[in-house]
Amino acid sequence: MIDLLQLCAFNAQYARAIDSDALEQWPSFFTEDCLYRITHVENERDGLAAGIVYADSRAMLEDRIAALRQANIYERQRYRHLLGIPLIEQADSGSASARTPFMVARIMATGETMLFATGEYRDRYVLQDGRLLLAERTAICDSTVTDTLMALPL
């Protein structure tokens, strides 16, 4: 059975990949046919699937990182994730669903640090070839105001 310790370790590795600027590793946390969304609490409440970011495959996530590295122009920044303990809603030997609270600080090249996003991950995990992967991650931000500089994944 997928357990709390596995989910905590997974989330720590996920956050480390983003926070340490190893963004090329980030898509490998997802299944090939995954769903990754960033939205806010009102959109989610109203059942609006579109949000700030929407990707429905690992290839789309890889394209997003390639664009960040090669095409997009944005002010240098990095994140620091603080993650809560996942609340497991369902788990068996091959899948799990959980909700995990998050806080993300954004550190600009100038050194300015600000609370960038708070919210909850709503996740569906699967075991594939003995490896835990995200089949779906929806990052639901508490604020309905979105910074236009959401360059990095949450």
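See the structure shown above.
These figures come from a predicted structure and were not determined experimentally.

One simple way to see leftover space: roll a probe sized like a water molecule over the atoms. Its boundaries defined by the atoms lining it, the second largest pocket holds a volume of some 200 Å³. Forming the walls of the second largest pocket are 14 residues, and the residues nearest its centre are Phe-116, Ala-117, Thr-118, Ser-143 and Val-145. Take the lining of the second largest pocket: its biggest share by element is 5 residues, from strand β6 (residues 113-128). Residue classes in the lining of the second largest pocket are distributed as 8 nonpolar, 3 polar and 3 charged.

Quick look at helix α1 (residues 4-19) now. Residues separated by three or four positions in an α-helix point in the same direction, a consequence of the helix having 3.6 residues per turn. For α1, built from 16 residues, the straight-helix expectation of 22 Å at 1.5 Å per residue is met to within 8% by its first-to-last C-alpha distance of 22 Å. Residues of α1 that are buried: Leu-7, Phe-10, Asn-11, Tyr-14, Ala-15, Ala-17, Ile-18 and Asp-19. Those residues of α1 that are buried are in contact with β1 (30-40), β3 (77-83), β4 (87-91), β5 (95-108), β6 and β7 (131-141). Looking at where α1 begins, the residue whose side-chain oxygen comes 3.3 Å from the main-chain nitrogen of Leu-5 is Asp-3.

What follows concerns a nonpolar patch on the surface. Taken together, Leu-4, Ile-85 and Ile-88 make up a surface patch of nonpolar side chains, about 250 Å² in accessible area. Its location among the elements puts Leu-4 in helix α1. Given a relative accessible area of 37%, Leu-4 falls into the partly exposed group.

Counting 35 residues, the largest nonpolar core has Tyr-14, Phe-30, Tyr-36 and Leu-154 as the members making the most contacts within it. Every element with two or more residues in this core is listed here: α1, β1, β2 (53-55), α3 (58-70), β5, β6 and β7. Broken down by element, the residue count for this core peaks at 5 residues, all from α1. In this view, Tyr-36 contacts Tyr-14, Trp-26, Phe-30, Val-53, Tyr-54, Ala-55, Leu-61, Arg-137, Pro-153 and Leu-154; residues no more than four positions away in its chain are not counted.

Moving on to the packing of aromatic side chains. In this structure the tally under the stated criterion is 10 aromatic pairs. Here the aromatic rings of Trp-26 and Tyr-36 are separated by 5.0 Å at their centres, their planes lie at 80°, and the arrangement is edge-to-face. Of this pair, Trp-26 sits in the loop between α1 and β1 while Tyr-36 sits in strand β1; the two residues are 10 residues apart in sequence, bridging distant segments of the chain. No difference in accessibility class separates Trp-26 from Tyr-36, as the two residues are buried. Centre to centre, the rings of Phe-30 and Tyr-36 are 5.7 Å apart; their planes meet at 80°, and the pair counts as edge-to-face. Owing to a relative accessible area of 0%, Phe-30 belongs among the buried residues under this scheme.

What counts, and at which threshold
Residues numbered from 1 in each chain as written. Predicted model: local features only at pLDDT ≥ 70, side-chain atom pairs only at ≥ 80, totals over all residues. Heavy atoms only, no water. 1 Å grid on protein atoms, 1.4 Å probe; cavity = no way out; pocket = protein on both sides within 12 Å on 5 of 7 lines; lining within 4 Å. Points joined across faces, edges and corners; volume = space filled by probe spheres on them. Helix = DSSP H or I, 4+ residues; strand = E, 2+ residues; numbered from the N terminus. Nonpolar A, V, L, I, M, F, W, Y, C, P; charged D, E, K, R; others polar. Expected span 1.5 Å × (residues − 1). Buried < 20%, exposed > 50% of the residue type's maximum accessible area, 1.4 Å probe, protein only. Contact = heavy atoms within 4.5 Å. Polar contact = N/O pair within 3.5 Å; in protein donor to acceptor, adjacent residues only side chain to side chain. Patch = residues over 30% accessible without salt bridge, like charges linked within 9 Å, V, L, I, M, F, W, Y side chains within 5 Å. Areas by Shrake-Rupley, 256 points an atom, 1.4 Å probe, with all protein chains shown as cover. Salt bridge = Lys/Arg side-chain N within 4 Å of Asp/Glu carboxyl O. Core = buried A, V, L, I, M, F, W, Y, C linked by side-chain atoms within 4.5 Å. Phe/Tyr/Trp six-rings, centres within 6.5 Å; stacked < 30°, edge-to-face > 60°.

Geometric values such as these leave the question of function open.
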